[in-house]
Each structure stands twice: as C-alpha cells, then as structure tokens.
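Listed here are the chains, written in short residue letters.
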Amino acid sequence: MKYDPKQIEPKWQHYWQTNKTFAAVDDDARPKFYCLDMFPYPSGQGLHVGHPEGYTASDILSRYKRANGFNVLHPMGWDAFGLPAEQYAISTGTHPSITTQRNVDNFRRQIQALGFSYDWDREVNTTDAGYYRWTQWIFTQLYKKGLAYIAEVPVNWCPALGTVLANEEVIDGLSERGGHPVVRKPMRQWMLKITEYADRLETDLDELDWPEGVKHMQRNWIGRSFGAEVDFKLSAVDKPITVFTTRPDTLFGATYMVLAPEHPLVSEITTPAQADAVASYVNQAALKSDLERTELAKDKTGVFTGAYAINPVNGEEIPVWISDYVLSTYGTGAIMAVPGHDQRDWEFATKFNLPIIEVVAGGDVTVEAYTGDGALVNSGMISGLAVPEAKAKITAWLEGEGLGKGAVNYRLRDWLFSRQRYWGEPFPIIHAEDGEILLVDEAELPVTLPEVEAYKPSGTGESPLATISEWVNVTLPDGRRGRRETNTMPQWAGSCWYYLRYIDPHNTEQAWAPEKERYWMPVDLYIGGAEHAVLHLLYARFWHKVLFDLGFVHTKEPFKRLVNQGMILGEDGQKMAKSRGNVVNPDDIIEQFGADALRLYEMFMGPLEAVKPWQTKGVDGVRRFLDRAWRVFVDDKTGEPRVDDSAPSDEVTRALHKTIRKVGEDIEALRLNTAIAAMMELVNLLTKDKTCSRTILEPFAQLIAPFAPHFGEEVWSRLGHDATISHVPWPRYEEALCKDPMLTYAVQVNGKLRGQVELAADVDEATALAAAKADPNVARHLEGKTLRREIFVPKRMINLVVS
RNA sequence: GCGAGGGUGGCGGAAUUUGGUAGACGCACUGGAUUUAGGUUCCAGCGGUUUCGACCGUGGGGGUUCGAGUCCCCCCCCUCGUACCA
C-alpha cells in the first residue's frame, strides 16, 4: 500500500478531535509552555498559504514541547469584528454575524485540515457576547483608572467609509481599507491615554526576546526624546511661549520662533498689521489634509506674526512666525528655531532671509545646518564645551533661573479608540441627559449589539446604532433619561487581550481566573506577521500593563518571545493577489499533495522569517520525500510494516543520533528548514541501507511526527502502537554515538586544497601531518619547496605552508 | 533622507553562532537501469573555464590571516519600515 494522505489525514484528524489529544490541562504539575499564533480575521476569501506558515512552525514547536514533557497551551480563535463583514452587510443586507459565522466555519475547516494541534475547546471569537462582555469589562477598568476620555479632536474622517480612522489606518492620505481619501475633521471621540504608559512601553522593550527590528520600530513609534522645555517671554504680551527642544545647547543660536498655526497664542500675539496674512494662513492650514501638509513640505511656508520674543539666554528680541512645519500635536506646538543646527529651520531661514548663527563648530552653516557634535561657540557661559556637556550645563542654568527645565517628549499620541460603525463592541457607557457620563454596571454587561434595519453609516459621523432609538434611549435607575454611546470600539480592542481569554475561555464569572493566569502566563512564544510589529503589539502591551497595575495579571509583559514569519510570495515572485492571479489555495495543495506535504514544504522553503517565493514543484519534492520515508516503514506492495528487531549498523546508529540532536536543536531555534534537510539525509541513508531495525525506525517516526503529524501517527500505529505518538517522550541521543571514528581531513598547501585523507577522529598531529604529506598530490606540491609552517586543526584540516 | 535586514549555482536555500574542504537538502536539468507504460522507482552526474595539471568563483574594490562567504575599511544594488516629531 502506497502512502496515501487522503486516507490517513482525515482519520487522524478525527482521532485527535474525539480523543481531545491536545487538550491543555489547567491544573498540572508539569512545566507549561504557552505557544500562541496571531489569530486570523476570518475573511470571505478563506485561508491563503501565508496563514499555515506561522501556524505550522508553532505547531511543530508545540508538538515537540509536548513530547518533551511540557503541558502545552496552543489555542486558536477569531478576530471577527471589522469592516469587511460590515461592508458586505451594507451591500447585501446580510447580518455581519451570519457572514462571520460562515467565514469562521470555513476557516476552522481549513485549519483543521492541516492537522494543527490546537485545543479546540478553547476557541474564542471576539464577536461572541460572552467574549466582548469582558472586552467591555476591561474598558470599564481603563475608564475607572482615568485612561479613557472623550475629546473633540481633529480626526481622520473618511467620507467614503463614513467613519473616522486611526492614524495607523491612513496610508499616504488614503484609507488602509479601500484606499479612499481621508480628510481632517474635529469630532467627539473616545481616546485612550496610552501616552501615560509611553515611558514603560519604551523601557520594558529591553527585556523582551523579540526581533530587534520590531523593538526598533516600537521605539521609533513611541519616539521618546530627551531635552528641555524653555520659556520665551514675549515683548508685547505678558505670557511666555514654551518650547520643547532636544538641543538646549544651541539656545544662543535661536534666531526666531515658530508656532504651529493651531497654537492658542497665535491670535493673541498677532499684530494688527499682520492680522490678515496670519488669518489667511491659519485658514489655509486648517483646510489642508495631513497629506497635503507633508506633501508640500518640500517648500516651507509661513507668515510673520509681528510679535517678538526674548531669547532668555541673551535677552535678544527674535521674531515669532507661524508655519505648518511645526506640528501642533508634538511637544508644545512651538519651537525655537536654530537654523545653524537644524536643517528644517535652516531651510525656513534661508527662504525668509532670517539670520543664521553658528553656535557649534564643525560645519559650514552657510551651506547647510550642522547637526553633529563639536565645541560650542558664540554661546556665552557654555562656549568651549562639547554638545553633551553644554546641554547639561544650560539645562541646569535654565532650571536655576526658573526659565525652563529638563523634559522628555514622546512622538506617541493618545489612541483614538472609537469608530462610527455597527460591527464592533458597544461601549459600556451611557450619557445621562444632564451630561453626566456613566459606566454601565459590571453586572449588566455585556451591552449587546441590537438588530438593525440598515448597516449603512448615518454619514453624519454617527454609527448605525444611533438610529435604533429603543436601544439608544434608556431610563436610569434614578429616573434620569440617558442615551447609550453609539460609537463602537476599533478592531484592536478584541485582539488586545485574547491571549488571556484562552487561559480560561468559558469563565462566566471573571475574564480569567487568577490562578490560571499565574500558571499559564506569559506567552512563551508568539508567532505572527510583521505587519503587526507596531500597532497590535503596542496596544496589547499597553492593556497588559494596565491590567498588571490593577493586579489582574502578574507579568509586566505579555509576550516573552516573538517571531515574525516572512511573507510567502507568488510563484512569480510578486505578492500574492487575486488581481495577479498568483494566489495559491491551501485546499488545492492538500487535495493534490496532502496536508503533511504542505506543512513540510512551507517549512522547507527557507528560514521562517524570510520572504520567499512559492514553488509548487517544491511541494512535489517534499511529497517525494514522504513517499520515500513511507517506504522505509511500510512495504508498499504488501502494506506490511517492514520492521524487525535486528541490530542496526554503526553507521545508521550514528546517523540517527546525529539527526536526533540536529532536529531537536533546530526546532528549538525554529530552523525548521535545516531540520527537514537533516531528516531527508537520514531517509536517503535508510533507503540505501534498507534498515528495518525498530531501534532506528521508532525514533525516526517521532522525529518526523511534529512536522508531518498524520504521517507520524500512521507509521507509529503500523509499528504496533495503540496510543497516539503525540505524548511519547522525545527520543534521546547519546553524544558518544554522534561521533564518527574516522574523519575526512582536507589537506591544503599554501591554503589551497590539494588532497583529502581519512584519519581517525582522535588522530595526533604528527600522524596526521605524515599522512597528509604521503598523499601523492600533496607530495607533488611539496616537491622542491621548503616547508615553513604546518597547521593542524583537529577534526578539520591540515595546511602546509611552503615557499 | 533616516533606520533595519539582505546580495552565495539555472531556482529555493546550506555553511555566517566558533574564520578551517563553499554549494548540505530540495527543485530543475542530463545520462543510465527497471517497467507494457510513467508526472513511478533506483543509480550516476550537475558553479564556470580547462592544455585535465590546474585556474577562477559567495554584489564590487581594498585589508587582516597559514587560511575569509564568515572579521575590518570603502563603494554599489535590493527588500522592508519610516517620513518636517524640534
């Protein structure tokens, strides 16, 4: 009987499911291992081959850890709120929950067809009321802690989607979903104070075993910078302009100031002569989208307000301008401009003929701003100092004079947390008629989504929920009337804490039981796409830290180790896309080659983290490997297992032990491509050797089982075992049995390979050198030359240096 | 611009941790055997040049070393992220 995945794969999938083979045990003495995949958004398109890449890697590690005695938590669920289901509802009238259910069922079917070892009893779905009840509960905790507030903020309003988008969902001025234009519009929004955690989100990155690139991107996003706040008095108005600068050392070079057009002082300080020009500039800036403001950045624009400020270090009067190159949302919305040492200021000063003064030696400020280190010049008390010392000294001086202080600033802004959509978590908030904002009592949660007639956004900025008066209007226990919050939460909300719900998914009393959290957390390995490097991971870390502060979780950070799987490109080397016609559907590959072949192929393509192109021929290759491996275990004519109790050869024993060592090390490091290569080499040897020895075949079945689990189970049972292979202890290798008695030494003459000699592994130097010189080709190259030096590298090579 | 990662056969990739026979493993290809047949299996070959002794070869150039894909310096190219953050 030939290897036939169509027969064996469904059989074992059914076995695992009915026997709950992969159930994670909550109360257990074994060490735990929490292996998490980023849960998918169940789209209508179904799974693409990119999904199983990360899932297979985490599955291999999960199965390996189980075999090594760990109690493994390996769950899967659905991030199912979100725009596509709602868009579909708008166009077809189908309730998003129906679409969602259909897509989830399809995703689950596809994922199960790949034989992943998930504990399906822990499946979660962010759109279940039993789940989002606790998402709402976490929101109430945030609110009570003062971390959620309503603000009238200029937001990214997308007229086409009829909603507001987060900065992150806007790419080059267009909506991430759909690519529609986005404009700025002030609106009443829920915000989360992630900025309050900026410092810890930055600092705690240090202790995480995450890719450096991801940590770096988070650091950039948080954008912590150290500097000083400095007060500049105004000549005409009795109010200071406070600026933030990272270069207080260049204060003597500040030759003008710039306010953002939205800065509150603009109207106060503008002189009558300049009023018209300023007003028209401010108006213009307000109308521009963020895109336009940055697009036109190449050419700096601005207007003089007519006002002057006084440079606190030297008492000089400097003009105050407004310009949209200064952002109202960063720092204090005002800067001191040092054109000699800041390129943006230099460009502005050059355009508007403002003076440029050199205060740090080392460049030529008539050509460009000099931002490097150097000795301070023209700078009074700090002249002669280097930049770091000058910063420290001037900051201390400012503090002493009461003119400023050291300060830290962040690029990170508060998180815009509301959406004007139907298909999201309702806020547990009621606005009383007198304006008071009330939390829905925790016992009343969840606030469930009502049925609606139409899903279309009202277009006024309110969600479709606003149209359901019987849902919106409530009477409070004290008799007051109130309106429910009609915004819903963004898709990030549900994914911010799902890893905690897996720990205790059926708990109706609490989001999770504390003792279970203490056992299972933190996540030991988190695998997912690099597209979540900043947002999802930053938001989840933020919530986790809040929950930590409230005592609901016991670790500062949720995800100990993070790995990003690389994207799988189409066969043409392009990103897979329906429009290019290069999308590969896992269902088709399973149909043709089997799930084990697909798993194996995706791992064999290259390093997990790398971006790599799909080649269906390559699946053919690993399928041939499985065919060959099958014939190692089974006589494919008779279907009988070809196993006996004969003693294997030393060579085969050595090969097995080396393979056990290599596969184990490679799985731990997630070098799954080379682990598979090692098993291919073993199969090539076993095929040649025709080994039937049980002492070889059984450990080999265990090695391959995490990669090709259906295959592993099938040959294991054919070897005569009744129980699943999944909990059989991982085979051990003996170091002594990994050592070859004889090794091939390379012999070089002057660094060039001239021969090879077979020598005992523990050969002494003299014997090795003699053998090397005896090699005919080596001897030929030594002839007539003087031997200058002999280099002997044990177990590797010999180099003879002659002249 | 800035930041991160990367350039190795016809292709995907090994070896980069620790400087030590570059090209493991697989695909594609070539030849042979078995077979009624093969999108089967098995065996062999497979970086380039070659006077068959050797020479050249890991993006390019230099350096360190007995020895460099690996370490150091300069340059080129590609991918991803980011974009006036004071």
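Worth saying up front: this structure is predicted, and the values here are computed from it rather than measured.

Colleague: So what's going on with the packing of helix 19 (residues 595–604) against helix 22 (residues 672–689)? Residues and values would help.
Modeller: Orientation of helix 19 relative to helix 22, taken along the N-to-C sense of each, is 115°, at an axis distance of 7 Å. For the pair helix 19 and helix 22, the contacting residues are Leu600, Met603 and Phe604 in the first and Leu672, Asn673, Ile676, Ala677 and Met680 in the second. Residue composition of the contact of helix 19 with helix 22, by class: seven nonpolar, one polar and no charged.

Colleague: Would you mind going over the domain arrangement of chain A in detail, with residue names and values included?
Modeller: It is common to give the size of an interface as the accessible area that goes away when the parts come together. Assigned domains of chain A: these are domain 1 (138–195 + 419–484), domain 2 (225–409), domain 3 (615–737) and domain 4 (740–802). On a C-alpha basis, the centroid separation for the pair domain 2 and domain 3 is 69 Å.

Colleague: Residue-level account of the sheet that holds strand 18 (residues 429–432), with values.
Modeller: Working definition: the strands of a sheet are paired by backbone hydrogen bonds and lie parallel or antiparallel to each other. In space, the four strands of this open sheet follow the order 19-18-21-20, with antiparallel pairing throughout. Each edge of the open sheet carries a strand with a single partner, namely strand 19 (437–439) and strand 20 (473–475). Shown here is a sheet whose adjacent strand axes are inclined to one another by a mean of 35°, direction ignored. By the bridge criterion, three bridges tie strand 18 to strand 19 in an arrangement that is antiparallel. Residue pairing for strand 19: His431 is matched across the bridge by Ile437.

Colleague: For the sheet that holds strand 2 (residues 71–73), give the residues involved together with the corresponding values.
Modeller: Strand order in the open sheet formed by four strands is 2-1-22-23, with parallel pairing between adjacent strands. Only two strands of the sheet have a single neighbouring strand rather than two, namely strand 2 and strand 23 (562–565). Neighbour to neighbour, the strand axes of the sheet diverge by 20° on average, direction disregarded. Strand direction decides the pairing type here: strand 1 (residues 32–37) and strand 22 (residues 525–529), joined by three bridges, are parallel. Residue pairing in the sheet places Asp37 in a bridge with Ile527 of strand 22. Most of the contacts of helix 2 (residues 51–67) go to strand 1, to which it runs at about 170°, and overall it touches strand 1, strand 2, strand 22 and strand 23.

Colleague: I'd like a rundown of helix 25 (residues 765–774), residues and numbers included.
Modeller: Here helix 25 has its buried residues at Ala768, Leu769 and Ala772. For helix 25, the angular spread of buried residues about the axis comes to 95°, placing them on one side. Seen from the open side of helix 25, the exposed residues pointing more than 90 degrees away from its buried face are Ala766 and Ala774. Contacts from the buried residues of helix 25 go to strand 26 (742–749), strand 27 (752–760), helix 26 (776–782), strand 28 (787–793) and strand 29 (797–802). Between a side-chain oxygen at the N-terminus of helix 25 and the backbone nitrogen of Ala766 the separation is 3.3 Å; the capping residue is Asp764.

Colleague: Residue-level account of the protein's contact with RNA strand B, with values.
Modeller: Taken together, 51 residues sit near RNA strand B, with His216, Thr246, Tyr330, Arg344 and Gln756 positioned nearest. Of all RNA strand B atoms lying within 4 Å of any protein atom, the proportion belonging to sugar or phosphate reaches 67%. Within the contact set of RNA strand B, a sugar or linking oxygen lies 3.2 Å away from a side-chain nitrogen or oxygen of Thr245. The contact in question runs from a phosphate oxygen of RNA strand B to an N or O atom on the side chain of His781, over 3.1 Å. Among the elements that make up the surface near RNA strand B, the one with the highest residue count is helix 22 (six residues). In terms of residue class, the surface near RNA strand B is built from 19 nonpolar, 16 polar and 16 charged.

Definitions and cut-offs
- Residues numbered from 1 in each chain as written.
- Chains lettered and ligands numbered in written order.
- Predicted model: local features only at pLDDT ≥ 70, side-chain atom pairs only at ≥ 80, totals over all residues.
- Heavy atoms only, no water.
- Axes fitted to C-alpha atoms, helices over the stretch in contact; angles between N-to-C directions.
- Helix = DSSP H or I, 4+ residues; strand = E, 2+ residues; numbered from the N terminus.
- Contact = heavy atoms within 4.5 Å.
- Nonpolar A, V, L, I, M, F, W, Y, C, P; charged D, E, K, R; others polar.
- Domains from an automatic or database assignment.
- Pairing = 2+ DSSP bridges.
- Buried < 20%, exposed > 50% of the residue type's maximum accessible area, 1.4 Å probe, protein only.
- Arc of directions from axis to C-beta.
- Polar contact = N/O pair within 3.5 Å; in protein donor to acceptor, adjacent residues only side chain to side chain.
- Near = heavy atom within 4 Å.

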